[in-house]
Every structure is written in C-alpha cells, then in structure tokens.
Amino acid sequence: MWTNVFERGRLQPGQTLLVHGGAGGIGTTAIQLGRAFGATVIATAGAPDRCEACLRLGASHAIDYRTEDFVARVREITAGRGVDLVLDIVGGPYLARNLEVLARDGRLLQIGLMGGARAEISLGPILQRRLWITGSTLRPRSVEEKGLIARALESRVWPLVERGEVRPLVHATFPLARAADAHRLMESGGYVGKIVLTVRAGSEAPSGG
Ligand SMILES: NC(=O)c1ccc[n+]([C@@H]2O[C@H](COP(=O)([O-])OP(=O)(O)OC[C@H]3O[C@@H](n4cnc5c(N)ncnc54)[C@H](OP(=O)(O)O)[C@@H]3O)[C@@H](O)[C@H]2O)c1
C-alpha cells in the first residue's frame, strides 16, 4: 500500500484518494495513511456499518458499493472533478469505472484482483485525461527492494504509529491451530481490518501431510 500509493502513485497533500474495500486490511491502512499525509479520502465498503468504520478511521466520505453507484457518488462529492488516485483491489469488473472517476493526470494503483483479472476498456480516457495505470506485488521483489520499502516505512510511517495517529486495526486473533476459524471469519465478511494468526515458537510445528 505504501509503495503503490506514495512511491508509485505520488499522493500529495491536498489530493483526493479513492480507496476500494475501505474496511478491509489494506483499506483501513490506506484510509489512515492517506488522511495522515494530508489527502482527502473517499472509501467504498459493502455495508452501512463498514462505511461507518471507514468514516471513523478518517475517510471524508464512504460509499456503500452494494446500494450506491460509486462513479456517480464520486462525481457528486468532487463536484465533477474526479479523484487523483484510486487504490483498487477488485480488478477487472472495476477497471472501466475506475478510469471514469479519475481526474486529469489521475493514477490507478492496481494491487489486487479479487473480482477477476480481465476487462475490456476504451483507451480513449487514458489519452484524453493523461491517466496512468500501474500496480505491483511485494512477494517477487528482492530482499534489497523489500529492505528499501521497510526503511521508507520506518522513517515515514513508524513515527505516526508511535504517536498513535495511525494504528493497525486487528479485528481478531487466533492461534495458528485455529486457522480454519480465522478463514471462516474472513469468508463471512464480518470483520474490519486484519485477522491475525499467532505462532508460539516450538508449539505449532506442522504435523505432516
Ligand atoms: N499487491 C500487493 O502488494 C498486495 C499486498 C497486500 C494485499 N494485496 C491484495 O489486496 C487485496 C485485499 O487485501 P486485504 O488484506 O485488504 O483483504 P480483505 O481484508 O479481505 O479486504 C478486502 C475488501 O475488499 C472488498 N471486496 C472484496 N471483493 C469485492 C468486490 N468484488 N467488489 C467490491 N469490494 C470487494 C471487501 O469489502 P466489503 O467486505 O466491505 O464488501 C473486503 O473488505 C487482496 O487481493 C490481497 O491479495 C496485494
């Protein structure tokens, strides 16, 4: 989230960031960091209580994507201008609409594909409004690259965590042996933030198979 929104996406104070899945693990962090670095944050979530959670975390507006058209709502909120950045985890089904809500020189940061990886779009808006589409994953990066990201977080984000301005949101904690319960909770959708598995050294050795 850091490397996409702030390094690749170059989010600046005063700009507007649209965060999809605002009540999820990535979303709750993106709302808090966007706000802490001076951006206006609009979030989408799938239920009224999840929208409330986004507002409590610092989003200026929350859109219930199950009952509202996020393109129309973003246009209304930004008085037709659109947003500077979209952080998206849905993918294919949202691509055309994400481009629609971007302002001139807007950037789409694609970091997940929960709704699918394929889409057909018109390339016209990219030329007309000088849009950027990018994305990345963390896992295939070298230890050196991961180290650079970690050091950027240490210097730019850790002070905010220490001051309590940004906090990781942990909805529930399960011992590793109850990972199946953690997955059930995740599949139910009834959580805000992260679900954590705890591992005690020596006590959770895999039993084979
Ligand atoms: N590229 C990277 O470096 C990177 C790093 C970390 C994570 N990720 C990816 O980012 C994604 C999100 O991770 P997470 O930890 O935030 O997961 P999460 O806690 O499960 O949150 C995902 C959120 O997405 C929303 N959502 C899911 N499907 C949707 C759809 N079809 N339409 C609209 N909203 C939808 C849900 O919102 P509601 O429940 O409110 O409906 C959910 O809260 C995952 O795909 C993960 O693999 C990528």
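For the structure, see preceding data.
Let us look at the structure shown here. (Residues numbered from 1 in each chain as written. Predicted model: local features only at pLDDT ≥ 70, side-chain atom pairs only at ≥ 80, totals over all residues. Heavy atoms only, no water.)

Once that is clear, we can look at the overall build of the chain. For the chain, the helix and strand inventory stands at 9 helices and 8 strands. Its C-alpha atoms give the chain a radius of gyration of 18 Å, within 12% of the compact-globule value 17 Å for 209 residues. Taken along its principal axes, the extent of the C-alpha atoms in the chain is 60 × 40 × 35 Å. Relative to its 209 residues, the chain shows a buried fraction of 44%. For the chain, long-range pairs separated by at least 24 residues make up 57% of all intrachain contacts whose partners lie at least 6 apart in sequence. (Helix = DSSP H or I, 4+ residues; strand = E, 2+ residues; numbered from the N terminus. Rg over C-alpha atoms; globule rule 2.2 N^0.38 Å. Buried < 20%, exposed > 50% of the residue type's maximum accessible area, 1.4 Å probe, protein only. Contact = heavy atoms within 4.5 Å.)

This part takes up the state of the cysteines. Tallying each qualifying case throughout the model produces 0 disulfides. The thiol of Cys 51 is not disulfide-bonded; the next cysteine sulfur, from Cys 54, is found 6.0 Å away. Given the relative accessible area of 1%, Cys 54 is considered buried. (Disulfide = S-S within 2.5 Å.)

What follows covers the nonpolar core. A general feature of soluble globular proteins is that nonpolar side chains tend to end up buried together. Within the largest apolar cluster, 32 residues are counted, with the highest numbers of intra-cluster contacts made by Trp 2, Val 5, Phe 6, Leu 17, Leu 33 and Cys 54. For this core, the elements supplying multiple residues, two or more each, are helix 1 (2–8), strand 1 (16–19), helix 2 (25–36), strand 2 (40–45), helix 3 (48–57), strand 4 (83–88) and helix 7 (143–156). Of the residues forming this core, the biggest block, 4 residues, is contributed by helix 3. Discounting residues that sit within four places of it in the chain, Trp 2 has contacts with Glu 7, Leu 33, Phe 37, Ile 149, Ala 152, Leu 153, Arg 156 and Val 157. With 17 residues, the next largest nonpolar core counts Val 74, Val 86, Tyr 94 and Leu 102 among its residues. (Core = buried A, V, L, I, M, F, W, Y, C linked by side-chain atoms within 4.5 Å.)

What follows concerns the pattern of salt bridges. Evaluation of the coordinates by the stated rule reveals 8 salt bridges. With its nearest N and O atoms 2.9 Å apart, the salt bridge here joins Arg 73 to Glu 68. When the shortest N-O distance is used, the salt bridge between Asp 181 and Arg 178 registers 2.8 Å. Because the salt bridges share partners, they merge into one network encompassing Glu 68, Arg 73 and Glu 76. (Salt bridge = Lys/Arg side-chain N within 4 Å of Asp/Glu carboxyl O.)

Moving on: the packing of aromatic side chains. To describe a pair of aromatic rings, one takes the distance between the centres and the angle between the planes. Applying the stated rule across the entire model yields 4 aromatic pairs. On the basis of an interplanar angle of 20° and a centroid distance of 4.6 Å, the ring pair of Trp 2 and Phe 6 is categorised as stacked. One end of the pair is Trp 2 and the other is Phe 6, both in helix 1 and 4 residues apart, which spans about a single turn. Judged on exposure class, the residue Trp 2 and its partner Phe 6 are both buried. Linked through ring pairs, Trp 2, Phe 6 and Phe 37 together constitute an aromatic cluster. The side chain of Arg 10 reaches across the aromatic face of Trp 132, ending 5.6 Å from its centre. The residue whose ring lies beneath Arg 50 is Tyr 191, and the NZ or CZ to ring-centre distance is 5.7 Å. (Phe/Tyr/Trp six-rings, centres within 6.5 Å; stacked < 30°, edge-to-face > 60°. Lys NZ or Arg CZ within 6 Å of the ring centre and 35° of its normal.)

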